[in-house]
Amino acid sequence: MAPARQRILARRNLSENSENSHGKKPPGKLKEGGKGGRDGEGKSKRKSLFNSPKNRDAPPVSTNKFLIFGHESAIKLLFTTRLFAAIWSHISDCDETFNYWDPLHFMIYGKGLQTWEYSPEYGLRSYTYLLMCGLPAWFYNSIYTPNPMLMFYFVRCILGIVCAIVEFHFYKAVCREFGIHIGHIWLIFQFFSAGMFVSSTAFLPSSFSMYLGSAALAEWWFQRYNSAVFLTAISTLLGWPFAAVIGLPIAIDMIFRQKMLKEFVIWMTISAATILIPMILIDSSYFGKIVIAPLNLIIYNVFTSHGPNLYGVEPFSYYLINGFLNFNIVWLLALITPGLLIFCHYFVPAKSQSTLSLPHWLSLAPLYLWLMIFWPQPHKEERFLFPVYLLITLCGAISLDVIQKVYFRIKGLLKGFRPGSHYWDESTLVAGIFIAIATLLGVSRIFALYRNYHAPINLMIEFNNLAKDKTLQVEGNVNVCFGKDWYRFPGSFFLPPSNYRVRFIESDFHGMLPAYFDERGNGTSIIHPYFNDRNEGDDFMLFNYTKCHFLIDLDVGRYSDLEPNYAERDKEWTVLHTLPFVNAERSHSLFRAFYIPYFTESYVEFGSMNLLKRKKLKFE
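Small disclaimer: the values here were computed from a predicted structure and weren't measured.

Chemist: Help me out: how do you make sense of the pairing of strand S3 (residues 500-504) in this one?
Modeler: Remember that side chains alternate between the two faces of the sheet whenever the strand is regular. For S3, a buried count of five out of five residues is recorded, marking the element as mostly surrounded by other parts of the structure. Of the two faces of S3, the one lined by Tyr500, Val502 and Phe504 and the one lined by Arg501 and Arg503 are each fully buried. Across five bridges, strand S2 (residues 478-482) lies against S3 in parallel orientation. Within S3, the position partnered with phenylalanine 482 by the bridge is phenylalanine 504.

This is the structure in structure tokens:
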């Protein structure tokens, strides 16, 4: 008997022994259509060489040596990559800074910037979400009183750990539902995904919905329907209300396929009562009136005349390009997964389905429903795809698995099938090529992101060190000013403690800027006249340039009357520190997006992000 065939039979025996030793029996209704057991009526064994092992609950075993991941190594690698992201990723969206990091800073330290979404007049954001994510930071600060920057990275590391735990659970569910081979490919794609590097530790509701929505899908594939409904509710109510789309296929399965309408209604009611009622009470206590933040967010985005389009619209190609930047060829594979599955169904003579309990059209529906809804919207942002990031890599892994099967089929038709051969062993080179390309492009993108965009955080870290100078230890506010680069400010956690304040000076930007929370006891419930929902700027947010003690400014060689080259005003300013920051307009888009040794240096131009100190400091 051929060695490959021997390994397959040995693996099956191991799976059956493992199942028997734990006293587990497959549920009778797992097969689509309700007939038979796990392998269908009259099909006790999978004889096809194209299908994955019969028992998905067994420990991960693969005939491909380079695709072997035990549970211990998988969780260690996931923790490592997510903690790496927590330390080295930059803040890619100013909404993360001003809608989440700074309000959290206010809740912990009593000082922070407020946006119009937190005005009681609109109430689009939830303080309950901030409390839930910030509670560990509050305890940490109460016990040790660390530097605020450490608090920032502490929260990020917690987010990274939560993401890694969810990914590990999702990985086990993928191995069970789609097969161990697909699970291993998915795991490798996750390790080196630039999209996961950005989203895994982002303090955003869309990342939170990625955690909880993915956990709900994993529970669904484990057929734990009640917990799947509850996790979807948390993702939707505490995170992002539009994440309910991910739970729609779960509802369809429960109501129409499993005939579990009663259980669905009961758990929807339980979820609403245990999540929404405390959320309304907490938010209303902060806003000073009854507020249902998820409902307000839906009304603003869907039922107002302007909605989010005031904040920019993007062409149809935006997500196509952005998806490739974050997932490279994995994104392209994910987009063609439905077509490949249909082709494989007719071209590859598999005798049994390659999923355990659900048809592909239903189990993968959350991704394509999400794309159908969000892709046509004029207002597009990278974070809008965060909730389906784990599904993108899953569909990419499924597509690669199909390509391996098709390759094995064509090779067999041309050269004949070797007795005992299996498509995993015969197509290892094909899988290796795709994985190598995805890995290299992912690492290249991650390095380019850090190299090009991490200067604002690094500069603020350096500013914290410089601020220890005794000459700056004075009473009164120290004003740290931003002009055209206001949206690059990484948050108040990076300001030196006590009397340092970020200020915004006039520039060519005329939209609405954030302003400081009122620091009185009821600061979150005060309605301010300078906030509006039309993105119209107000002079209240602008600071007198002559009172700036420090100024952070990006010099890329483009100036105007309101955005001069401050570094050249040497009679007024002293340059304390400079870091390179990519000049996107003068750089080649490909070599800016991906770091390619020997080429990027020639085709990418950098500007200077300068930390300036006024020569004659005057403190109020």
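Next comes the rest of the write-up.
Chemist: Got a minute to help me understand the nonpolar core in this structure?
Modeler: Across soluble globular proteins, nonpolar side chains have a tendency to be buried as a group. Grouped together as the largest cluster of nonpolar side chains are 160 residues, with contacts concentrated most on Phe170, Phe203, Trp220, Trp221, Leu394 and Phe482. Considering every element that reaches this core, the biggest residue donor is helix H5 (residues 148-178), with 16 residues. Excluding residues within four positions of it along the chain, tryptophan 221 makes contact with Phe170, Ala173, Val174, Arg176, Glu177, Phe178, Ser357, Leu358, Ser363, Leu391 and Leu394. Counting residues in each nonpolar core, the second largest holds nine residues, with Tyr545, Cys548, Leu551 and Tyr566 among its members.

Chemist: Which parts of the structure should I look at to understand helix H2 (residues 71-88)?
Modeler: It helps to recall that an α-helix has 3.6 residues per turn; residues three or four apart then point in one direction. With 18 residues, H2 ought to run about 26 Å at 1.5 Å a step, and its terminal C-alpha atoms sit 26 Å apart, in line with that. Within the span of H2, buried status applies to Ala74, Ile75, Leu78, Thr81, Arg82, Ala85 and Ala86. Projected onto a plane normal to the axis of H2, the buried residues spread over an arc of 145° and lie on a single side. Those residues of H2 that are exposed and angled more than 90 degrees off the buried face are Glu72 and Thr80.

Chemist: Even after reading the chapter, I still don't get the pattern of salt bridges, so can you show me in this structure?
Modeler: Once the charged atoms of two side chains with opposite charge are near each other, the side chains can pair. Under the counting rule described, the total for this entry stands at 21 salt bridges. Lysine 484 is the partner of aspartate 485 in a salt bridge, and the nearest nitrogen-oxygen pair spans 3.7 Å. Accessibility classification places aspartate 485 together with lysine 484 in one group, the buried group. Where glutamate 536 meets arginine 534, a salt bridge forms, and the shortest distance between an N and an O atom there is 3.3 Å. A residue is classified by how much of its surface remains accessible, and arginine 534, at 40% relative accessible area, is partly exposed.

Chemist: Is there a simple way to explain a negative patch on the surface in this structure?
Modeler: Together, Glu506, Asp508, Asp538, Asp539 and Asp561 make up a negatively charged patch on the protein surface. Following the sequence through the fold, aspartate 561 ends up in the loop between strand S5 (550-555) and strand S6 (573-582).

Chemist: Any chance you could explain the packing of aromatic side chains here in plain terms?
Modeler: How two aromatic rings sit relative to each other is given by the distance of their centres and the angle of their planes. This structure, assessed with the given rule, holds 62 aromatic pairs. Centre to centre, the rings of tryptophan 88 and tyrosine 450 are 5.4 Å apart; their planes meet at 80°, and the pair counts as edge-to-face. With tryptophan 88 in helix H2 and tyrosine 450 in helix H20 (residues 428-453), this residue pair connects regions lying 362 residues apart in the sequence. Taking the relative accessible area as the measure of exposure, tyrosine 450 reaches 28% and is therefore partly exposed. Both rings, one in phenylalanine 178 and one in tryptophan 221, keep their centres 5.2 Å apart while their planes meet at 90°; by these two values the pair is edge-to-face. One end of the pair, phenylalanine 178, is in helix H5; the other, tryptophan 221, is in helix H8 (residues 205-221), with 43 residues separating them in the sequence. Assigned by exposure class, phenylalanine 178 and tryptophan 221 land together as buried. A network of ring pairs unites the aromatic residues Tyr100, Trp101, Tyr109, Tyr129, Phe152, Tyr153, Phe203, Phe208, Phe493 and Phe494 as a single cluster. One cation-aromatic arrangement involves arginine 224 over phenylalanine 222; the distance from NZ or CZ to the ring centre is 4.5 Å. Note that arginine 501 overlies the ring of tyrosine 516, its terminal NZ or CZ placed 4.8 Å from the centroid.

Conventions adopted
Residues numbered from 1 in each chain as written. Predicted model: local features only at pLDDT ≥ 70, side-chain atom pairs only at ≥ 80, totals over all residues. Heavy atoms only, no water. Buried < 20%, exposed > 50% of the residue type's maximum accessible area, 1.4 Å probe, protein only. Helix = DSSP H or I, 4+ residues; strand = E, 2+ residues; numbered from the N terminus. Pairing = 2+ DSSP bridges. Core = buried A, V, L, I, M, F, W, Y, C linked by side-chain atoms within 4.5 Å. Contact = heavy atoms within 4.5 Å. Expected span 1.5 Å × (residues − 1). Arc of directions from axis to C-beta. Salt bridge = Lys/Arg side-chain N within 4 Å of Asp/Glu carboxyl O. Patch = residues over 30% accessible without salt bridge, like charges linked within 9 Å, V, L, I, M, F, W, Y side chains within 5 Å. Areas by Shrake-Rupley, 256 points an atom, 1.4 Å probe, with all protein chains shown as cover. Lys, Arg positive; Asp, Glu negative; His and termini not counted. Charge placed at Lys NZ, Arg CZ, Asp CG, Glu CD. Phe/Tyr/Trp six-rings, centres within 6.5 Å; stacked < 30°, edge-to-face > 60°. Lys NZ or Arg CZ within 6 Å of the ring centre and 35° of its normal.

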